[in-house]
Structures are given as C-alpha cells and as structure tokens.
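Remarks on the overall topology
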Amino acid sequence: MSNSSYGKVYLVGAGPGDPKLCTLKAVECIQKADVIVYDRLAHPALLKHAQPDVELIYVGKASSDHAMRQEDINHLLADKAKEGKIVTRLKGGDPFVFGRGGEEAELLVEEGVSFEVVPGITSAIAVPAYAGIPVTHRKLCSTLGIITGHEDPNKTESSIKWDKIATGIDTLVFLMGVENLPNIVSELVKNGRATDTPIALVRWGTRTNQETLVGTLGDIVEKVQQTGFKSPAVTIVGEVVRLRDTLRWFDNRPLFGKKVVVTRSREQASELTQELENLGAEVIEFPVIKIVPPADWSPVDTVVEGMASFDWLIFTSANGVNCLVKRLLKTNRDIRVLAGPKIAAIGPKTAETLEKFGVRVDFIPDKFVAEAVIDQFPEDVKGKRILLARAGVAREVLPEKLTELGADVTVVIVYETVLEDSDSADIKQMLDDGEIDIITFTSSSTVKNFVALIGENGKSSLPEGVTIACIGPITAQTAEEYGLKPDIIADEYTIEGLVHALVDRQSNITQALDRIK
Ligand code: SAH
C-alpha cells in the first residue's frame, strides 16, 4: 500500500527527440512536477513547460558516462516522492523500452510510493520513420524485433538468441548498438543473414541534426569507421531499409539542418519560426526589438475623438493595428470609432489583423512599401484628410509624398520599437564557431538593433558563409548601411515571401551542387 502523505512519481516517455513528439499527458506531467529527473535523450525544449521553481535533476547517461548509477536514480525518485513531491521522471522514447523504467517502478512499489506510467513514442519506431523507413511493410516484412545492442560481447552466454533472430525476424531494430556494431553484424552473418542485407544507422533521429548512414551487413562496419559515425543511433536491419530511397521525407526538406536566426520581437517571431521549422530549419530566436506603447497617448486619444473628420486611416503594420485597438479598449471605446474613414493597410498581414477585429480594408497596394501606397492610391488625395497610425521611428516617405500631393496628413505614434536587450553571448559564440547558416531581418529596426547587440562601432562584420536574408529592399538597404551584405531580398515583402526566397536560394544551391557532382 502506498503512503498517502507521499507524493507521486510519473515515469514519463519524452519521445524520441523532436519536442512535438511528446504526448499531451507527458506535457501535463512536466507542468505539474515539483521535481523533474531527466537524462540526455529528453529534449531540453520540453523543460520549458515546467514551473519556474521546479527542481531539475540531470542524471546523465551517455552509454559510457553514467552520471548517476541506476540504483541511485531509483532511490532518488522514491526519496523525493516521500517528501510529498510530484516527481516526473522524464526518459527518452518510451520508459519501458530499454529505459529501465521497470526497475524504477519495482523500487517504487517496494517503497510504497505510488506511480503512473506515461508511455512515449519510442525511438525504435519513430527514428526509422523519420529516416523514411517503415519498420513493417506488408510486402517486405511481417515480423519486427527490438533488440539491445549494448550486450557485453565478452559475456560467455548471450541472452540474445542470435541463431533464432538472425533469420527468424524480418526487421531488426537495435538500440544502443553503435559501439558494438562489429559484433552485431558478425553474429547476424555467422547465423545466416545474407551479407547484402540492407542496414541503416540513424543518429539523433527526429531532430534537426539527424544523420543517416546506409549500407549492407557486408560493408557497414567499414563505413562507420570511415565516417566516424557515433551514437546515439538506432540501427535497422532488413529489406525495409530500401524504402528510404522512395520514402525519404524529413532530412530532404529544403532547409533541413540549417541554423537560422530570427530577429523579430518575441511576440512576433512565432509565425516565421514555425514556417522555417516546417521546412526543416533549426531556428534560433534572438529577438532584437521589442514593441512598447508610445511615451504619450494623448495625441492618439485626440485624433480618435475626431476620427469621423478623416477621409482615410492608413496602417503600416499589424503592430499598429493591435496597439491602437488595445488603446481603444483601454479608454472604454471600441472598433466602432473607426467607422468614419476608409481604411488602408500596407500589406496582407496588416489587413488580416484588421479583419480579425471585424474591419474590412478598402485598399492594399500590390507591393508592400510606402512608395506603392502612393502610386496606387485609389483616389486623388488632394484635399483629403489622412491619418497615419504607425511606429515612432519610421520612414517619412509616406507622409511627405502624400503632403506633396495635396493631402492634409496627420501622423500618430501608436507604438515604439525599442532595443530588446537580449543576451548576445550565445549567438556571438555560434557565429564565431561557424554554426549559423542564415540570419533573417524583417525590418530596418531589426538590422539596426542586431548590429547594436552584435556589432562593433555601429558596423557588423559577419563570418564568411553566413547568409543574410531581408524581407524587402528597404531592410536590405539598411543592412548595407550597417555593413551587412544582403544575399537574399524577398520579391514579396512578407514573411511568406521571405521564406519562399530562402527556399528558392537553397534549391538553387542544391541543384548547382548536384551538377558539380
Ligand atoms: N527508451 C528509449 C530507448 C533508451 S536506450 C526509447 O524508447 O527510445 C537509448 C538508445 O535509444 C540510444 O542508444 C539509441 O540507440 C536510441 N535512441 C534514443 N533516442 C534516439 C534518437 N533520437 N536518435 C537515435 N537513437 C536514439
């Protein structure tokens, strides 16, 4: 019987690597834990779900460097629970597939501590899947074995029945098998598996740094030696490995393995981050700008009072829309005060944001810069009263040109873009180590502030090989002014346009490399 003053232990499978391959229940257990005991195969991003005052205990476990002995881990779990705490034991993959979860549970039973098991997606199945290898296939395979590759080769009597499994099971998946590969291969061949049987090793599967090595039982040991292929890896033996040629889907996405820096504000980064991640990139969010309210709202409140007297209201960013609407609500008004003027948005995101508030946009130019607003304005602006709601620091082209054309222009500042004081040490280190592939800039202020954080004396020089990608020509021009050479300028000045431009360039590079080969 478990003691009711005790807490509880959750033995939780964290999934194979990709932090999204984690169950809802696992996330719940991370959220409610007082103590999290984790090892190196659980993705660090998962710990972000934890409470701020959680106690994190790393218990290591690379195969040759056991940070804490298993018996000590077992007792640690029990002891923490006995203090009344909720303990989440986070393990790579599934806790009961070579995860020693069984041993942990046994001790908990012995100690009278209650526990629950949260199964996880095991690397034995998910990692092959991410390499384009289904572990079963109706035409090729109807049996699947998951085997430890860690058995001591000097053990006099193997508990693995090599004579049975070598030919008795179609697909063999070995975990922890890289160091021991020569022994595994020799046992399989000695016991009758053909030397031309395909075999694949997949390292850091489901992550952005996944690597795959394919060979046959005849040549794989040599290939591993030549390439210096290291653990942790899943080894798959069997005809299903051939399917990778046609089913490969993960590690051939256009931005696979590229490290991309996103410099947008914390609140705005997610859309770009998501799109880049979907294309295989590893995104590093390094917000250099922050959106804050204007120092003084009174000019805004005044124009809002007289909104009906304007012919047009122009928004130059989604931020502008959000900040103005927030202000309306805060001052006991709502979107209805915008009923008077016609409304223009500089681009689709701005328009979409307005539509979210139920406001239809009367005009969006084809190109999303100030110049296009003027060229394509749907009516003669002469004598028209135009209100421009925008950031504190912005280009003057729009108000100036409109005024030249005879409009009566009022500019109000609805937000300010200021420097986000992000810690730049990690990014600097990664740049020095040549780890960053691409840096994205989505506005002139991201360029300026990036240089302020990373550069020296107002200029920035980046190491060779770092690609600079800008959302449009104005941002690119600012980049040049600050000593950065833009390699990519989007044709359509939106986040989507920027992502397209990155993909196009990458596929051009890939094609060029293919031609050289
Ligand atoms: N309980 C885990 C397995 C733990 S044993 C599970 O169900 O996945 C540790 C072994 O799992 C490693 O040596 C390696 O063979 C394999 N492994 C786990 N995650 C992996 C990953 N992302 N990529 C490749 N191999 C992985």
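Computed from a predicted structure; not experimentally measured.

Another point: the overall build of the protein. Secondary structure summary: the protein contains 18 helices and 20 strands in total. If you line up the protein on its principal axes, its C-alpha atoms span 95 × 65 × 50 Å. In the protein, which comprises 517 residues, the proportion classed as buried is 49%. Intrachain contacts of the protein at a sequence separation of at least 6 include 68% that bridge at least 24 residues.

With that settled, consider the pattern of salt bridges. In total, this model carries 28 salt bridges according to the counting rule given. Note that Asp39 is salt-bridged to Arg89, the shortest N-O span being 3.4 Å. Separated by 50 residues along the polypeptide, Asp39 in the loop between strand S2 (35-38) and strand S3 (55-58) and Arg89 in strand S4 (residues 86-91) bring together distant segments of the chain. Take Asp39 and Arg89: they sit in the same class, and that class is buried. Between Arg69 and Glu71 there is a salt bridge, with its nearest N and O atoms 3.4 Å apart. What makes Glu71 partly exposed here is its relative accessible area of 40%.

Close to the ligand lie 18 residues, the nearest being Pro16, Val97, Ser123, Gly205 and Ala233. Met176 places a main-chain nitrogen or oxygen 2.7 Å from an oxygen atom of the ligand. Coverage of the ligand by the protein chains reaches 93% of its 540 Å² of free accessible surface. Mapped onto the shell around the ligand, the elements with two or more residues apiece are helix H4 (123-130) and strand S10 (233-237). Across the shell around the ligand, the residue classes break down as 12 nonpolar, 5 polar and 1 charged. No fewer than three residues from each of domain 1 (8-121) and domain 2 (125-247) sit in the shell around the ligand.

Mapping Met430 onto the fold places it in helix H15 (residues 425-432). In this structure Met430 comes out as buried when scored by relative accessible area, which is 17%. Placed 387 residues apart in sequence, Met430 and His43 show a C-alpha to C-alpha distance of 20 Å. Those residues within four positions of Met430 in sequence are excluded, and the remaining contacts are Ile284, Glu435 and Ile436.

Further remarks concern the sheet that holds strand S19 (residues 467-470). Spatial strand order, S12-S11-S18-S19-S20: 5 strands in an open sheet with parallel pairing. Each edge of the open sheet carries a strand with a single partner, namely strand S12 (282-285) and strand S20 (488-489). As paired elements, S19 and S20 share 2 bridges and run parallel to each other. Residue Ala469 lies in a different strand from S20, and its bridge partner there is Ile488. Against the sheet, helix H18 (residues 495-516) engages strand S18 (438-441), S19 and S20, with an angle of about 145° to S19.

One pass over the structure, following the stated rule, counts 10 aromatic pairs. Relative to Phe174, the ring of Trp162 lies with its centre 6.0 Å away and its plane at 20°, an arrangement referred to as stacked. Here Trp162, found in helix H5 (residues 162-168), pairs with Phe174, found in strand S7 (residues 171-175); they are 12 residues apart in sequence, far enough to count as distant. A residue is classified by how much of its surface remains accessible, and Trp162, at 8% relative accessible area, is buried. Members of the aromatic cluster, each reached through a chain of ring pairs, are Tyr130, Trp249, Phe250 and Phe256. Across from the ring centre of Phe310, 4.3 Å away, lies the NZ or CZ of Arg385, which sits over that ring.

What follows concerns the domain arrangement of the protein. Considered domain by domain, the protein is made up of domain 1 (8-121), domain 2 (125-247), domain 3 (259-288 + 421-516) and domain 4 (292-417). Each of domain 2 and domain 3 was reduced to a C-alpha centroid, and the two centroids are 39 Å apart.

With that settled, consider the environment of Arg89. Take Arg89: its relative accessible area is 0%, and that puts it in the buried class. Between the alpha carbons of Arg89 and Gly101 there is a distance of 9.0 Å; along the sequence they are 12 residues apart. Contact partners of Arg89, with chain neighbours within four places excluded, come to Tyr10, Leu11, Val12, Val37, Tyr38, Asp39, Val59, Ile73, Leu77 and Glu104. Engagement of the side chain of Arg89 in a polar contact is seen with the side chain of Glu104, the distance being 3.0 Å.

Once that is clear, we can look at the packing of helix H2 (residues 70-82) against helix H3 (residues 101-111). It is at 9 Å that the axes of H2 and H3 come closest, and there the two elements cross at 45°. Relative to H3, the element H2 is oriented oblique. In the crossing of H2 with H3, the sense of the turn from one axis to the other is right-handed. Between H2 and H3, the contacting residues are Gln70, Ile73, Asn74, His75, Leu77, Ala78 and Lys82 on the first element and Glu103, Glu104, Leu107, Leu108 and Glu111 on the second. Grouping the constituent residues of the contact of H2 with H3 by class yields 5 nonpolar, 3 polar and 4 charged.

One open sheet holds the 5 strands; their spatial order is S13-S17-S16-S14-S15, and the pairing between them is mixed. This sheet does not close on itself; its edge strands, each paired only once, are strand S13 (289-292) and strand S15 (342-345). For this sheet, the mean angle separating the axes of adjacent strands, direction not counted, is 25°. As paired elements, S13 and strand S17 (residues 408-419) share 4 bridges and run antiparallel to each other. From the neighbouring strand, Val292 faces S17, where its bridge partner is Glu416. Strand contacts of helix H16 (residues 444-454): S13 and S17, with the helix running at about 30° to S17, the strand carrying the most contacts.

Below, the discussion takes up a negative patch on the surface. A contiguous patch of negative charge, built from Asp491, Glu492, Glu496 and Asp504, is present on the exposed surface. Here Glu492 shows up in the loop between S20 and H18. Residue class for Glu492 comes out partly exposed when judged on its relative accessible area of 39%.

Scoring rules and cut-offs
- Residues numbered from 1 in each chain as written.
- Predicted model: local features only at pLDDT ≥ 70, side-chain atom pairs only at ≥ 80, totals over all residues.
- Heavy atoms only, no water.
- Helix = DSSP H or I, 4+ residues; strand = E, 2+ residues; numbered from the N terminus.
- Buried < 20%, exposed > 50% of the residue type's maximum accessible area, 1.4 Å probe, protein only.
- Contact = heavy atoms within 4.5 Å.
- Salt bridge = Lys/Arg side-chain N within 4 Å of Asp/Glu carboxyl O.
- Near = heavy atom within 4 Å.
- Polar contact = N/O pair within 3.5 Å; in protein donor to acceptor, adjacent residues only side chain to side chain.
- Areas by Shrake-Rupley, 256 points an atom, 1.4 Å probe, with all protein chains shown as cover.
- Nonpolar A, V, L, I, M, F, W, Y, C, P; charged D, E, K, R; others polar.
- Domains from an automatic or database assignment.
- Pairing = 2+ DSSP bridges.
- Axes fitted to C-alpha atoms, helices over the stretch in contact; angles between N-to-C directions.
- Phe/Tyr/Trp six-rings, centres within 6.5 Å; stacked < 30°, edge-to-face > 60°.
- Lys NZ or Arg CZ within 6 Å of the ring centre and 35° of its normal.
- Parallel < 35°, antiparallel > 145°, perpendicular 65-115°, else oblique.
- Left-handed = near helix turned anticlockwise from the far one by under 90°.
- Patch = residues over 30% accessible without salt bridge, like charges linked within 9 Å, V, L, I, M, F, W, Y side chains within 5 Å.
- Lys, Arg positive; Asp, Glu negative; His and termini not counted.
- Charge placed at Lys NZ, Arg CZ, Asp CG, Glu CD.

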